[in-house]
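What follows is the residue order along each chain.
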Amino acid sequence: MTNKEKKAAPKGKGKPPTKKAAPKRKRKPPTKKIPMPEQDAKKRSHNFDEVALGYTAKQAKAEAAKCIQCRNPKCISGCPVEVDIKGFVLLVAEGKFMEAAAMIKETNSLPAICGRVCPQETQCEATCIYGIRNEPIAIGRLERFVSDYARLHGEPLPELPDKIGKKIAVIGAGPAGLTCAGDLTNMGYDVTIYEAFHKPGGVLIYGIPEFRLPKDVVMAEVEFLEKLGVEIKYNHVIGKIRTISELMEEDGFNSVFIGSGAGAPNFMRIAGMNLINVFSANEFLTRVNLMKAYKFPEYDTPVKVGKRIAIIGGGNVAMDAARTSLRLGAEAMIVYRRAREQLPARLEEVHHAEEEGVDFNFLVNPIEVLGDEKGSVIGMKCIRMELGEPDDSGRRRPVPIEGSEFDLDVDMVIVAIGNSPNPIIPESTPGLKISRWGTIEINEETGMTDVSGVFAGGDIVTGAATVISAMGAGKRAARGIHDFLNK
Amino acid sequence: MYEVLDKKIINEITKMLVVQAPDIARVCKPGQFVMIRINETGERFPLTVADFDRKKGTVTITFQEVGKSTRLLGSLNVGDKIMDFVGPLGKPSPSDKVFGTIVAIGGGCGSAIVYPVARAFKEAGNTLITINGARTMDLLIYREELESISDEFYETTDDGTCGTHGFVTTVLGDLIKQGRKIDLVFAVGPVPMMKFVAKTTEEAKIHTMVSLNSIMVDGTGMCGACRVSVDGQMKFACVDGPEFDGHKVDFDELMARLNAYVDQEAVSNEKWASEHGGAE
Ligand SMILES: Cc1cc2nc3c(=O)[nH]c(=O)nc-3n(C[C@H](O)[C@H](O)[C@H](O)COP(=O)(O)OP(=O)(O)OC[C@H]3O[C@@H](n4cnc5c(N)ncnc54)[C@H](O)[C@@H]3O)c2cc1C
Ligand SMILES: Cc1cc2nc3c(=O)[nH]c(=O)nc-3n(C[C@H](O)[C@H](O)[C@H](O)COP(=O)(O)OP(=O)(O)OC[C@H]3O[C@@H](n4cnc5c(N)ncnc54)[C@H](O)[C@@H]3O)c2cc1C
Ligand code: SF4
Ligand code: FES
């Protein structure tokens, strides 16, 4: 957040101060990122096609050419998996797109996804040195461009080392599990992923909508891993069909990685949460994305769509639910208890949501969902908030304004106030250390849990976080597993 | 893919399929369920494990054709394949425990769901009284199976075509009035039936377990579609249940939530009927 604010300020002021030390050379005005072509806001708010269309080769080369190839680049350390950004941007500028893609893949196994969903404005782009005076280099857009280019032009498979002859089980085919599996396969292990759903990708498939992350992109990244030799077993809920100790003791796995995510939806502790037209964002998005309810009745899964939908929350999940609601023909309003500056969603998603016509209600908190005798939603009672003293996280805490209650006229409510870890694995695995929040505790360095040989990472450890942090955790655990098995 | 190895038409609206699913058959327990997605365009929906054979690696499901998905499933034949078959899900019944005398009640298709649990209760050493109910005689199912495992066996039909004329609660009420010592009542059937069973046992303070059939999407605790109120607390039927203390369940809320998609269900149903002819 603070990074964003700092960055925004000088841009608006225009000319830099010139009083001190007479300028030796003329300073150019600050540059902006080359804009990325997008679908028109009016049109796209009625379809599920991808919003951002990606750079052309010419645009990518021009954007990359702005990079000043810093001797001590700050972009790389801003990236949670330390992609060689300086290096790949240079290759883009030289038009060597395939080489650039290969360079990214050395450290990031899912670049086409990260280029689309990473919060670059708080990571690599926040620290970019060129970005001190200008808008930073559009690293995310370049990452997206080269990985799309490589996918379309047929990526060669990397050479794999000889098989080590050891088996690893990975639980969950989300970003954490996929990354861990990819890295271990690259080291020569035999890896089997067990996935509860019938499709891979975790949140990338069932949560993040098609218009932001086309499912073809996710499937292509997964197929790449399968070509490397990763085996994925679907419809396997570990803890139910097989326990972790059975995997290790009976099925011969030498080590297990848990990447089961934080998929259990939280609801508010207010009256009316079980009314018919109240949904968790997970349910709403799963119906639409994974089960393709937007194509009902061609697809059998139905979805409810109100006329006016309130979405409670201000993160990426809330933005996705709101923009999906719009596309299904509803009016969508975000109800967020803090102020605009505190929205945790990616900046680009907030912009897009606004352009498309999502209505934002800041400093408003629901206190009851109102229903009729049939149990359907007929409104939501809310109270206005103001910002008080900073809380533990340093954010100013919202406090209710007495007597400011009002009713919001809505007929459907989507709750997007966060997800917690699913209890199935913790409950079925004796010996794991579980925190107060239901997350699994690990050794930060190795990624190992309290059960020898069992590692964990991603949202199941951190609580709901980001794609790239889950991938980073999957990488760390892959190294941890390798070290553990070679002690 | 999960192959259908055997099929039995129990009555006009009730079918039974034996499905090849060795990994599930190996570990499933009475009271658990599976989530099914028949084909690429299908929805995910839950069915209880009505029986299993660990040696043959099969899981049996028995279901009533009430809408598009169950009709499509009922149209499958031996050799056909089900795309996704996920389980075993939910918490198992405490059917390996000794309570004493247990009254097992099945209504409609619930009788198929009650059967494996009742059988396990019996095998664990409980005395088993079974009440099998339906609207009319043709809809009574699992009659021989249930009778063969029961110490006492009663049947009821709403229209009096077989057994006691009345509801399962008619017989249950009589047993209670007679002062029979009952340690546990286990009931599965339509929500109104379970609601009235719980009412019937409430005064006599007989512990009553019901198996809830709320609408589900994933069946693994990830969506909250299946949430129910139990003792005023929000529970997810798929991971916290599906069995709950019948005296604490908010049945009216469950009934309202089960009706959430009636309009869309009608659309799906009509589409199915127009494509396949017949059936409503
Ligand atoms: C709607 C939405 C939008 C988001 N937008 C962004 C964004 O723009 N940018 C960003 O960086 N982050 C975003 N996030 C967060 C990000 O998606 C997650 O932090 C990330 O996916 C976590 O990865 P993971 O691998 O730990 O878990 P998940 O992606 O949750 O994957 C876990 C996988 O494990 C499977 N699983 C669970 N239990 C079991 C079991 N018992 N047995 C077998 N398999 C199991 C699940 O089915 C799932 O496939 C978003 C999240 C949501 C919900
Ligand atoms: C844990 C559990 C175990 C069950 N076991 C059995 C069983 O062994 N045999 C059996 O016949 N039925 C069982 N059911 C009910 C069965 O899942 C529904 O009858 C089936 O999903 C209806 O789908 P449909 O498309 O045929 O009908 P629809 O036309 O979609 O709906 C008919 C009715 O079924 C209910 N329903 C619809 N979709 C779902 C869904 N996804 N999940 C749950 N209920 C739904 C609705 O309340 C609706 O009124 C069980 C339900 C649960 C939750
Ligand atoms: S910090 Fe910015 S300008 Fe410097 S190398 Fe990295 S991307 Fe290029
Ligand atoms: S069915 Fe999704 S949480 Fe129970």
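Definitions and limits used
Within any chain, residue numbers begin from 1 and follow the written order of that chain's sequence. Chains and ligands are labelled by the order in which they are written, letters from A for the one and numbers from 1 for the other. Under the rules for a predicted model, residues below a pLDDT of 70 receive no local features and side-chain atom pairs below 80 are neither given nor counted, while totals for whole chains, interfaces and linings still include all residues. Values shown for side chains rest on all heavy atoms present in the structure; no hydrogens or waters enter the calculation. Secondary structure follows DSSP: runs of H or I at least 4 residues long count as helices, runs of E at least 2 residues long count as strands, and numbering of each begins at the N terminus. Radius of gyration: over C-alpha atoms. The globule rule applied is 2.2 Å multiplied by the number of residues raised to the 0.38 power. Note on classification: 1.4 Å probe, protein chains only; a residue is buried when its accessible area is under 20% of the maximum for its type, exposed when over 50%, partly exposed between these limits. Helix span, as expected, comes to 1.5 Å for every residue beyond the first. Lines fitted to C-alpha atoms define the axes here, with helix axes fitted over just the stretch in contact, and angles between the N-to-C directions of these axes take values from 0 to 180 degrees. We call two directions roughly parallel when the angle between them is under 35 degrees, roughly antiparallel when it is over 145, roughly perpendicular when it lies between 65 and 115, and oblique otherwise. Whether a crossing is left-handed or right-handed is set by the direction in which the near helix is turned from the far one by less than a right angle, anticlockwise for left-handed and clockwise for right-handed. The contact criterion used is simple: two residues touch if any of their non-hydrogen atoms lie within 4.5 Å. For this description, a residue counts as near a given molecule or strand if any of its non-hydrogen atoms is within 4 Å of it. In protein, a polar contact requires one atom able to donate a hydrogen and another able to accept it; more generally it is a pair of N or O atoms within 3.5 Å, and residues adjacent in sequence count only if both atoms are side-chain atoms. Residue burial considers only the protein chains on display, and all accessible areas are found by Shrake-Rupley using a 1.4 Å probe. Each of two parts loses accessible area, computed with a 1.4 Å probe, when they are put together; buried area is these two losses added. Here, a salt bridge means any Lys or Arg side-chain nitrogen found within 4 Å of an Asp or Glu carboxyl oxygen. Values of pLDDT, the confidence the predictor places in each residue, fall between 0 and 100. Like-charged residues are merged into a patch within 9 Å and nonpolar side chains (Val, Leu, Ile, Met, Phe, Trp, Tyr) within 5 Å, provided each residue has over 30% relative accessible area and no salt bridge. Neither His nor the chain ends contribute to the count of charged residues, in which Lys and Arg are positive and Asp and Glu negative. Charge placement uses NZ in Lys and CZ in Arg. For Asp and Glu, CG and CD serve respectively. Planes of paired rings set the category: under 30 degrees apart is stacked, over 60 is edge-to-face and the rest tilted, where pairs are Phe, Tyr or Trp rings (Trp by its six-membered ring) whose centres lie within 6.5 Å. Only when the NZ atom of a Lys or the CZ atom of an Arg is both within 6 Å of the ring centre and within 35 degrees of the ring normal do we say a charge sits over the ring. Any two strands with at least two DSSP-identified bridges between them are counted as paired.

Regarding its fold elements, chain A presents 19 helices and 16 strands. Taken over C-alpha atoms, the radius of gyration comes to 24 Å for chain A, in line with the 23 Å a tight globule of 487 residues would show. In terms of overall dimensions, chain A has a C-alpha envelope of 70 × 70 × 50 Å along the principal axes. Relative to its full complement of 487 residues, chain A shows a buried share of 55%.

So, on to helix H15 (residues 316–327) of chain A. Residues and elements named next belong to chain A. Compared with an ideal rise of 1.5 Å per residue, which puts twelve residues at 16 Å, H15 spans 16 Å between its outermost C-alpha atoms and is within 8% of the ideal. Among the twelve residues in H15, ten count as buried, and that is most of the element. For H15, the full list of buried residues reads Ala 318, Met 319, Asp 320, Ala 321, Ala 322, Arg 323, Thr 324, Ser 325, Leu 326 and Arg 327. Phi for Gly 329, located one or two positions after H15, is positive at around 100°.

Another point: unusual backbone geometry. The omega torsion across Phe 296 of chain A and Pro 297 of chain A is 5°, close enough to zero to call that bond cis. Turning to its location among the elements, Pro 297 of chain A is positioned in the loop between helix H14 (281–290) and strand E7 (308–312). Residue Gly 241 of chain B is joined to Pro 242 of chain B through a cis peptide bond whose omega torsion reads 10°. In this structure, Glu 82 of chain A is a non-glycine residue whose phi angle is positive, near 55°. Looking at the secondary structure, you find Glu 82 of chain A in the loop between helix H4 (75–78) and helix H5 (85–93). One non-glycine residue, Lys 292 of chain A, lies in the positive phi region at around 60°. In this fold, Lys 292 of chain A is placed in the loop between H14 and E7.

Glancing now at the packing of helix H5 (residues 168–177) of chain B against helix H6 (residues 191–202) of chain B. Residues and elements named next belong to chain B. Remark: H5 packs on H6, axes separated minimally by 10 Å, with the N-to-C direction vectors making an angle of 15°. Classified by the angle their axes make, H5 and H6 are roughly parallel. In this structure, H5 crosses over H6, and the sense of that crossing is right-handed. Facing Val 168, Thr 169, Leu 172, Gly 173 and Ile 176 of H5, the residues of H6 in contact are Met 193, Phe 196, Val 197, Thr 200 and Thr 201.

Time to look at the site of ligand 1. Residue and element names in this part refer to chain A. Surveying the vicinity of ligand 1 reveals 35 residues, the closest of which are Val 117, Ala 176, Glu 195, Arg 212 and Asp 459. The contact in question runs from a nitrogen atom of ligand 1 to an N or O atom on the backbone of Val 117, over 2.6 Å. Ala 176 is positioned with one of its backbone polar atoms (N or O) 2.9 Å from an oxygen atom of ligand 1. Summarising the interface, the protein chains cover 97% of the accessible area of ligand 1, which totals 1,000 Å² for the free molecule. Taken together, the elements giving at least two residues each to the shell around ligand 1 come down to helix H10 (175–187), H15 and helix H19 (467–485). Of the residues forming the shell around ligand 1, the biggest block, three residues, is contributed by H15.

With 46 residues of chain B in contact, the opposing surface of chain A contributes 40 residues. Together, the buried faces of chain B and chain A total about 3,700 Å²; carbon and sulfur atoms form 55% of this surface. Interface area lost by chain B to chain A is led by Met 222, Arg 227 and Tyr 261 of chain B, which between them contribute 18%. There are three salt bridges connecting chain B and chain A. Between Lys 68 of chain B and Asp 300 of chain A there is a salt bridge, and its shortest N-O distance comes to 2.7 Å. At the junction of chain B with chain A, the criterion picks out 19 residue pairs in polar contact (both at pLDDT 80 or more). Those elements giving two or more residues to the side of chain B that touches chain A turn out to be helix H1 (22–27), strand E8 (84–89), strand E15 (227–230), strand E16 (233–236), helix H8 (251–258) and helix H9 (262–276) of chain B. It is E8 of chain B that provides the largest number of residues to the side of chain B that touches chain A, a total of six residues.

All names here are of chain B. For chain B, per-residue confidence averages 91 on the pLDDT scale, and residues scoring 70 or more make up 99% of the total. Looking across chain B, the model is least confident in H9, with a mean pLDDT of 82, and most confident in strand E3 (residues 33–37), with 96. Across the interface, the model reports ipTM at 0.91; the global pTM reads 0.89.

Moving on, we get to a negative patch on the surface. Together, Glu 12, Asp 138, Asp 158 and Asp 159 of chain B line one region of the surface with negative charge. Here Asp 138 of chain B is to be found in the loop between strand E10 (127–134) and helix H4 (143–149).

Here we come to the packing of aromatic side chains. Following the criterion strictly, the structure yields 14 aromatic pairs over all chains and no others. With a centroid separation of 5.9 Å and an interplanar angle of 70°, the aromatic rings of Phe 455 of chain A and Phe 484 of chain A are classed as edge-to-face. Of this pair, Phe 455 of chain A sits in strand E16 (residues 454–456) while Phe 484 of chain A sits in helix H19, and the two are 29 residues apart along the sequence. Of the aromatic side chains, those joined through ring pairs into one cluster are Phe 48, Phe 211 and Tyr 294 of chain A. Here the guanidinium or amino end of Lys 304 of chain A rests over the ring plane of Tyr 261 of chain B, the centre of that ring lying 6.0 Å away. Just above the ring of Phe 211 of chain A sits the side chain of Arg 327 of chain A; from NZ or CZ to the centre is 3.7 Å.

Residue and element names in this part refer to chain B. Spatial strand order, E12-E11-E10-E9-E13-E14-E17: seven strands in an open sheet with mixed pairing. Each edge of the open sheet is held by one strand with a lone partner, namely strand E12 (164–165) and strand E17 (243–245). Note that strand E11 (residues 152–157) and E12 share two bridges and pair parallel. Across the sheet, Thr 157 pairs through a bridge with His 165, a residue of E12. Set on the sheet, H5 makes contact with strand E9 (101–107), E10, E11, E12 and strand E13 (184–188); between it and E10 the angle comes to about 150°.

Working definition: two side chains of opposite charge can pair if their charged atoms are close together. Counted by the stated rule, this structure contains 48 salt bridges over all chains. Taking the shortest distance from any N to any O, the salt bridge between Asp 251 of chain A and Arg 242 of chain A comes out at 3.0 Å. The shortest N-O distance in the salt bridge between Glu 40 of chain B and Arg 37 of chain B comes to 3.7 Å. Taking the relative accessible area as the measure of exposure, Glu 40 of chain B reaches 35% and is therefore partly exposed. You can call Arg 37 of chain B buried: its relative accessible area is 4%. Put simply, Glu 38, Arg 44, Arg 212, Asp 320, Arg 323, Arg 327, Arg 346, Glu 348, Glu 349, Glu 355 and Glu 356 of chain A are held in one network by salt bridges that share partners.

A few words on the environment of Glu 63 of chain A. All names here are of chain A. Its location among the elements puts Glu 63 in helix H3 (residues 57–65). As a C-alpha pair, Glu 63 and Ile 137 span 74 residues in sequence and 7.0 Å in three-dimensional space. Beyond its immediate sequence surroundings of up to four residues, Glu 63 is in contact with Lys 33, Ile 34, Tyr 55, Pro 136, Ile 137, Ala 138 and Leu 142. A distance of 2.9 Å separates a polar atom in the side chain of Glu 63 from the backbone nitrogen of Ala 138.

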